[in-house]
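# Descriptive analysis of the structure
What follows is the residue order along each chain.
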2 protein chains.
Amino acid sequence: MNVIRVSDPADPRLADYTRLRDVNLRRHLEAEHGLFMAEGDKVIRRAATAGYVPRSFLLTERRAEALDDVVAATEAPLYVVSEETAERLVGFDLHRGALAAYHRKPLPSLDEVLEGARAIVVLEDLVDHTNVGAIFRSAAGLGVDAVILAPRCADPLYRRSVKVSMGSVFTLPYTRLDDWYGGLDTLSEAGFDLMALTPGEGSLPLAEAMGRLAPDAKVGLLLGTEGDGLSARWLERATSRVHIPMADRDVDSLNVTAAAAVACYELARFGAVSGRVHGV
Amino acid sequence: MNVIRVSDPADPRLADYTRLRDVNLRRHLEAEHGLFMAEGDKVIRRAATAGYVPRSFLLTERRAEALDDVVAATEAPLYVVSEETAERLVGFDLHRGALAAYHRKPLPSLDEVLEGARAIVVLEDLVDHTNVGAIFRSAAGLGVDAVILAPRCADPLYRRSVKVSMGSVFTLPYTRLDDWYGGLDTLSEAGFDLMALTPGEGSLPLAEAMGRLAPDAKVGLLLGTEGDGLSARWLERATSRVHIPMADRDVDSLNVTAAAAVACYELARFGAVSGRVHGV
């Protein structure tokens, strides 16, 4: 094992871990260097199991041995720092935490991701990393095959997304559309019924729409941005519009994480996913 | 209307709006002064409609007239500040935003909240304000009657909860248990079947558990903290344990917001809520 004690938070070997709460800085730095951060023992182990290649690990002295098995299996250095150095470096109290910087992999092609898929979730321009991570977790847990992202959708490998997804961003296949405007047509041509989730008028209750699906239908569930929902373009190119029925006139829709979970649950209940979900 | 232009961010009249991103400071300040913050035109209008009494409003010069109708209906002052003053005061770019400080109301008694309720959501020690807000929105939207909070559950009137709930924290009745240890027994004695949502062994699939409910059952859905779920004590005092079936062995549960939405949706689908939800 390559264990290196570092005391200076400005040491260039620690540059991957700089100011983890500074979203703009991190977006730039991670894109430029093709890296992402995994946080917490469980998530780091899942990144390792999923075959991601580590650049380095960062632990505080008190927990220096917490990832020995993972570290020993790689060539990547383990940097051990004091709690004070960690806090000055990353911008918060690492305390019982663990961090690892991983190399990104090239995204698979759309064809690869759609191959054999029965149910996919398609995210338009979501901005909130927590929502993206939680939706991956729901989709993976409920047997959906893949996630497709619009060009501007928030990054599933951003630290917060990874954490909230509990690492399911590593195992659930996903890729990004090159073309927002024509992207849905590509999915339609691949045989997907595109259900746009929207509280707007003229949409069918979710369960009714599911009941109308052919038994061998391939379904794409379209979810829009947190504020305004799906764009007019995507609504227009969808096969159908569906909504989750609401009881309260003051609440016209659920938050996108909640809506995605309900819709994935309904996909599972109607047998429209590949995964076997017993008891729905 | 009482419109006051203020240029000094340290002006004591603006003290309610200090450092809105400093969670520890805000918790202390809001508890001490019995206030809460509403953010955004829509949420402020909902607080007004729900009968909350404002302490003051804060707008930037460019949007000084955005809430004229709301402000005109009260005695509370409207403070108008430059964007720079706003940013130095609240700690972020207010830009197109609007803020209002409201007086809290005393929480209703448990008896008042349970009176006539058929379905309630009971939150143990959730720590994340976003989750609390999103769960209120799902519960209100899907026809649940009320939310009951354990003594240490995060505050529904914290700015972030209010915002994510889209103001449903103002309309959905809620209160807080005084006693964590014995709290569930009080709910059982009030006639509620307490369903603990947990991925643990020995729990029933959600839909199977719902199918076993008596037609006139009163249901309390128990949700636990983000990391560890429900406490052993609450699991032990629940009437039954239920889980959302999962397809993926790597994902044993959904995030609590997602799980709450699915469970409330199932309550609505099985007709166990008071609200009328057509088409589930």
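What counts and what doesn't
- Residues numbered from 1 in each chain as written.
- Chains lettered and ligands numbered in written order.
- Predicted model: local features only at pLDDT ≥ 70, side-chain atom pairs only at ≥ 80, totals over all residues.
- Heavy atoms only, no water.
- Contact = heavy atoms within 4.5 Å.
- Buried area = accessible area lost by both parts, 1.4 Å probe.
- Salt bridge = Lys/Arg side-chain N within 4 Å of Asp/Glu carboxyl O.
- Buried < 20%, exposed > 50% of the residue type's maximum accessible area, 1.4 Å probe, protein only.
- Helix = DSSP H or I, 4+ residues; strand = E, 2+ residues; numbered from the N terminus.
- Pairing = 2+ DSSP bridges.
- Right-handed = clockwise from strand over helix to strand, strands pointing away.
- Axes fitted to C-alpha atoms, helices over the stretch in contact; angles between N-to-C directions.
- Least-squares fit on C-alpha atoms with pLDDT ≥ 70 in both.
- Domains from an automatic or database assignment.
- Polar contact = N/O pair within 3.5 Å; in protein donor to acceptor, adjacent residues only side chain to side chain.

Looking up chain A in an unreviewed UniProt entry gives the name RNA methyltransferase, with the organism given as Nocardiopsis alba.

Here we come to the interface of chain A and chain B. Contacts between the two partners involve 39 residues from chain A, matched on the other side by 39 residues from chain B. At the boundary of chain A with chain B, total buried surface from both sides reaches about 2,900 Å², with 60% on carbon and sulfur atoms. Run the count over chain A and chain B and you get two salt bridges. Across the pair Arg160(A) and Asp128(B) runs a salt bridge whose closest N-O atoms are separated by 4.0 Å.

Turning to the pairing of strand β6 (residues 119–123) of chain A, a few remarks are in order. Residue and element names in this part refer to chain A. Counting buried positions along β6 gives five out of five residues, so the element sits mostly inside the fold. What you see with β6 is no split at all: Ala119, Val121 and Leu123 on one side and Ile120 and Val122 on the other are buried throughout. Across five bridges, the pairing between β6 and strand β11 (residues 218–223) is parallel. For leucine 123, the partnering residue across the bridge sits in β11 and is leucine 223. Note: β6 against strand β7 (residues 146–149), four bridges, orientation parallel. The residue bridging valine 121 from the neighbouring strand is valine 147, located in β7. Handedness of the β-α-β unit built from β6, helix α6 (residues 129–141) and β7 comes out right-handed.

Next up on the list: the environment of Leu172(A). Residue and element names in this part refer to chain A. With respect to the helices and strands, leucine 172 occurs in the loop between α8 (168–171) and β8 (174–176). C-alpha separation for the pair leucine 172 and aspartate 145, spaced 27 residues apart in sequence, amounts to 6.9 Å. Non-local contacts of leucine 172, meaning those with residues more than four positions away in its chain, are made with Phe136, Ala139, Ala140, Val144, Asp145, Ala146 and Val147.

A few words on unusual backbone geometry. All names here are of chain A. For methionine 166, which is not glycine, the phi dihedral falls at a positive 55°. By secondary structure assignment, the location of methionine 166 is in the loop between α7 (159–164) and α8. Residue classification places methionine 166 among the partly exposed positions, given a relative accessible area of 30%.

Let us look at the sheet that holds strand β4 (residues 78–81) of chain B. Residues and elements named next belong to chain B. One open sheet accounts for five strands, arranged β1-β4-β3-β5-β2; its pairing is mixed. Both edges of this open sheet fall to β1 (3–5) and β2 (35–39), since each of them pairs with a single strand only. Each strand axis lies, on average, 20° off the axis of its neighbour in the sheet, ignoring direction. With four bridges connecting them, strand β3 (residues 54–60) and β4 associate as parallel partners. If you follow phenylalanine 57 over to β4, its bridge partner there is leucine 78. Each of β2 and β3 is contacted by helix α1 (residues 23–33), which is oriented at about 120° to β2, the strand it contacts most. Most of the contacts of helix α2 (residues 41–49) go to strand β5 (residues 98–103), to which it runs at about 25°, and overall it touches β2, β3 and β5.

Right, let's get into the relation of the copies chain A and chain B. Superposing chain A onto chain B takes a rotation of 180° plus a shift of 0.0 Å along the axis, which leaves an RMSD of 0.0 Å. Taken together, the rotation and translation relating the two chain copies correspond to the operation of a two-fold axis. Here 100% of the interface residues in chain A have copies in chain B that are interface residues too; the copies meet face to matching face.

Here the focus is the domain arrangement of chain A. All names here are of chain A. Each assigned domain of chain A is listed here: domain 1 (3–103) and domain 2 (110–269). For domain 1 and domain 2, the distance between their C-alpha centres works out to 32 Å. If you sort the residues of domain 1 by the area they bury against domain 2, Phe36, Glu39 and Val43 come out on top, with a joint share of 35%. Inspection of the region where domain 1 meets domain 2 yields two salt bridges. The shortest N-O distance in the salt bridge between glutamate 39 and lysine 163 comes to 3.9 Å. For the pair domain 1 and domain 2, the interface holds three residue pairs in polar contact (both at pLDDT 80 or more). Counting only elements with at least two residues in the side of domain 1 that touches domain 2, the list comes to α1 (23–33), β2 (35–39) and α2 (41–49).

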